[in-house]
Structures are given as C-alpha cells and as structure tokens.
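Each chain, written out:
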Amino acid sequence: MIPAEQQQVIVNRSNLHEAQVETVATPDADNLEAGEVILQIEKFGFSANNITYAVVGEQVKYWQFFPAKAGWGIVPVWGFAKVVKSNAENVAEGTRLYGYLPMAEYLKVKVGKLNPVGFSDGSAHRAELAPVYNF
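An account of the accompanying structure is given in this report. Nothing here was measured: the structure is a model prediction, and the numbers come from that model.

A word on the overall build of the chain. When its secondary structure is counted, the chain shows two helices and eight strands. When its helices and strands are written in sequence order, the chain yields β-β-β-α-α-β-β-β-β-β. Counting only C-alpha atoms, the chain reaches 40 × 30 × 25 Å along its principal axes. Burial analysis of the chain (135 residues in total) assigns 41% to the buried set.

So this is what it looks like as structure tokens:
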C-alpha cells in the first residue's frame with residue numbers, strides 16, 4: 001500500500017545551511033502512464049559528494065533532477081529503491097534498483113532505455129541532464 005503522503009528533505013538553494021522535512025503528495029499509483037513506475041526509496045548514503053551536488057547545483061543542473069518548490073531543492077543521493085508499482089513492460093514490481101535518488105520516500109520515473117541490469121529515467125524534465133545520473 002502506497003500512502004497518500006510522503007516526506008522529503010528540501011534545502012534552501014540560497015542558504016545551504018537551511019533544510020527542512022516537508023510532507024508532500026506521493027505519486028498517484030492509480031494513474032500511472034505507460035512506462036511509468038513508482039519506486040520506494042529504501043536506503044541512501046549521504047557524504048561530502050552530496051554537499052558538492054548542492055554547492056554546484058546551479059552550474060551543473062543538479063537541482064533539476066528532482067524538482068522542488070521555488071527557492072528550494074532536493075539534494076540528490078545514491079541509494080537503493082524497490083519498484084512498488086509498475087506500468088512498464090519488463091519492469092516487475094518488487095525489482096530492486098541502485099541509482100540516483102531524491103532524499104524522499106517515493107519517486108515516480110518514466111522507464112527509458114532498458115538493459116539487463118536496469119533502466120534509465122526517461123522523464124521529460126531529465127532529458128537535457130547528464131545521462132550517467134539518469135540510469
């Protein structure tokens with residue numbers, strides 16, 4: 001069962017010392033478009049590398065991977081997630097993945113290129129971003 005709301009960590013993009021946990025709607029599992037899946041984020045790591053993502057977020061477009069409310073951003077992290085709802089061919093519910101994720105509980109992605117070890121996120125807002133972070 002996917003809850004109606006989730007928590008995510010957001011950071012003030014003009015003052016990285018200011019962060020907060022906010023409650024937002026969880027992606028709607030009943031209205032997935034073809035090729036979309038919902039991931040439940042299970043674990044992620046946080047290190048100096050993530051601080052770099054925040055510091056150069058504007059120049060390297062790291063803030064665009066996981067959109068947030070105006071003036072705020074979601075620092076990307078590397079971690080593990082499980083497919084909890086799938087409307088994508090060849091991506092089964094229960095599949096576990098490692099990838100570039102938000103500091104949140106759930107994430108909806110659009111399955112792009114698929115290969116034996118995973119897939120890329122083909123969501124429109126990520127099309128112009130570095131492909132290595134989309135897989």
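With that out of the way, let us pick up the nonpolar core. Side chains of a nonpolar character, in soluble globular proteins, are inclined to be buried together. By size, the foremost hydrophobic cluster in this structure holds 30 residues, and its most contacted members are Val37 and Leu39. Elements with a minimum of two residues in this core: strand S1 (5–12), strand S3 (36–45), helix H1 (48–55), strand S5 (77–86), strand S6 (96–101) and strand S7 (106–115). Not counting the four nearest positions on each side in its chain, Val37 is found in contact with Leu32, Val83, Lys85, Ser86, Asn87, Ala88, Val91, Leu107, Lys108, Val109, Val111 and Phe119.

Attention now moves to the environment of Phe66. Position of Phe66 among the secondary structure elements: in the loop between helix H2 (57–60) and strand S4 (72–73). In this structure, the C-alpha to C-alpha distance between Phe66 and Arg126, residues 60 residues apart in sequence, is 8.8 Å. Those residues in contact with Phe66 that lie beyond four places of it in its chain are Ile74, Pro76, Tyr100, Leu101, Pro102, Leu107 and Arg126.

Count 3.6 residues to each turn of an α-helix, and residues three or four apart come out pointing the same way. Taken together, the buried positions of H1 are Asn50, Tyr53 and Ala54. Down the axis, H1 shows its buried residues gathered within 95 degrees of arc, on one side only. In H1, the exposed residues that point more than 90 degrees away from the buried face are Ala48 and Val55. Looking at the buried side of H1, the elements it contacts are S3, H2, S5 and S6.

Moving on, we come to the pairing of S1. As a general feature of sheets, a regular strand has side chains that alternate between the two faces. One ladder, built from seven bridges, connects S1 with strand S2 (residues 19–25); its direction is antiparallel. Bridging across to S2, Gln8 finds its partner in Glu22. Taken together, the two bridges between S1 and S4 define a ladder with antiparallel strand orientation. Across the sheet, residue Val11 finds its bridge partner in S4, namely Gly73.

For the coordinates displayed, the defined rule picks out 13 aromatic pairs. With centroids separated by 5.0 Å and ring planes inclined at 80 degrees, the aromatic side chains of Phe65 and Tyr100 adopt a geometry described as edge-to-face. Note that Phe65 is positioned in the loop between H2 and S4 and Tyr100 in strand S6, a separation of 35 residues in sequence. Its relative accessible area of 4% is what places Tyr100 among the buried residues. Ring centres of Phe80 and Tyr98 lie 5.1 Å apart, and the angle between their planes is 55 degrees; on these two criteria the pair is classed as tilted. Of this pair, Phe80 sits in strand S5 while Tyr98 sits in strand S6, and the two are 18 residues apart along the sequence. A relative accessible area of 47% places Phe80 in the partly exposed class. One aromatic cluster is present, formed by Tyr53, Tyr62, Phe65, Phe66, Trp78, Phe80, Tyr98, Tyr100 and Tyr133 through successive ring pairs.

Cut-offs used in this document
- Residues numbered from 1 in each chain as written.
- Predicted model: local features only at pLDDT ≥ 70, side-chain atom pairs only at ≥ 80, totals over all residues.
- Heavy atoms only, no water.
- Helix = DSSP H or I, 4+ residues; strand = E, 2+ residues; numbered from the N terminus.
- Buried < 20%, exposed > 50% of the residue type's maximum accessible area, 1.4 Å probe, protein only.
- Core = buried A, V, L, I, M, F, W, Y, C linked by side-chain atoms within 4.5 Å.
- Contact = heavy atoms within 4.5 Å.
- Arc of directions from axis to C-beta.
- Pairing = 2+ DSSP bridges.
- Phe/Tyr/Trp six-rings, centres within 6.5 Å; stacked < 30°, edge-to-face > 60°.

Everything listed here is a matter of coordinates, which is why it stays silent on function.
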